[in-house]
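Structure assessment
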Amino acid sequence: MIDMVFLLLVFFMTVSTLAQEERIPLELPESEQADVPDDRTDRGTISLQYSDNNTVEIFVGSSPLSLKEMQAVIKASILENPDLKINLRTTPDMPFKEIKRVLIACAEVGAHDIVYATYQAL
Amino acid sequence: MPPTKPFDPLFNMPQLKQKPSSRPAIPIAPMIDCVFLMLIYFMVTSSLEKQEADIRFQLPGLAEQSEPLDLPDEQIIELNAQGQPSVNEYPYDHPADRRYQELARMLSRFKQASDANRVESIVTIAPDDETPHQNIVKVMDAINWAQIKNVNFAISDH
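Here's what I pulled together on the structure shown here. (Residues numbered from 1 in each chain as written. Chains lettered and ligands numbered in written order. Predicted model: local features only at pLDDT ≥ 70, side-chain atom pairs only at ≥ 80, totals over all residues.)

1. Structural notes on the pairing of strand β2 (residues 43-50) of chain A
Residue and element names in this part refer to chain A.
- Here β2 pairs with strand β5 (residues 85-90) via six bridges, running parallel. Bridge assignment links R43 to a residue of β5, and that residue is K85.
- Where β2 meets strand β3 (residues 56-60), five bridges bridge the pair, whose relative direction is antiparallel. The partner of L48 across the bridge, within β3, is I58.
- Taking the residues that link successive antiparallel strands as the turn, the β2-β3 hairpin has five residues, and the phi of N54 there is positive, at about 65°. (Pairing = 2+ DSSP bridges. Helix = DSSP H or I, 4+ residues; strand = E, 2+ residues; numbered from the N terminus.)

2. With respect to the packing of helix α2 (residues 67-80) of chain A against helix α3 (residues 96-108) of chain A
Residue and element names in this part refer to chain A.
- Between α2 and α3, the least distance of the axes is 9 Å, while the angle of their chain directions is 35°. Where α2 crosses over α3, the handedness of that crossing is right-handed. Contacts from L67, M70, Q71 and I74 of α2 reach α3 at R101, A105, C106 and E108.
- Broken down by class, the residue content of the contact of α2 with α3 amounts to five nonpolar, one polar and two charged. (Axes fitted to C-alpha atoms, helices over the stretch in contact; angles between N-to-C directions. Left-handed = near helix turned anticlockwise from the far one by under 90°. Contact = placed C-beta atoms within 7 Å. Nonpolar A, V, L, I, M, F, W, Y, C, P; charged D, E, K, R; others polar.)

Next up, the structure:
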């Protein structure tokens, strides 16, 4: 029995740490219609958040990049995988102009499939 | 002569009442308590973490326009800086509402009307520069509720 319990323990410990994808922690907007996807492949994660000095930072995965660098990364990954979906994560209070910059940058390099990350409203 | 039994001290000697054990035993019971506690902790935290859900849309761009298209029905939802949605200058709902019900019902009627006319229904979201992200997501929720699949963003360069 102890063997079993240890096995379960180790399983949940690894699952809870492995489940963390490469992304920064962020408060997301709530949505009632959004679905939790089964398939998370073909995704590039871009996160937008305010830094401490009130400028907007762009993260690709978990690395902070400028808009131009982000564009270059997306361009390279879309060549590799044409089905790439951009998973856009940002805080509920982010003004549209900041999101617009990213959307335009994505469209310019041919990434047209955008997914807004949200929490499901209960 | 029968073979003699080899001398076995444990067999032949009188048993000691209790041998003092050379190795100290690990106390199992408290360890199980600990392990169970950890097990339950990890089980609970692994399911409590909020899962991220999706709202998808396509950016306009490489649409093929070679075939003649039926002119689709289009609605433009404008959002002001506070997140107030309005269509044709008529405001729907309050920006702080948890869900945009009036807007959703209007879009549902619009969707039914265009379905009846066998034309595609398209919704374009035209947010102000300062519109918060949450309000845009709520508008997308309303569009999704009305089962409209074509969503666009009006992106204007000032």
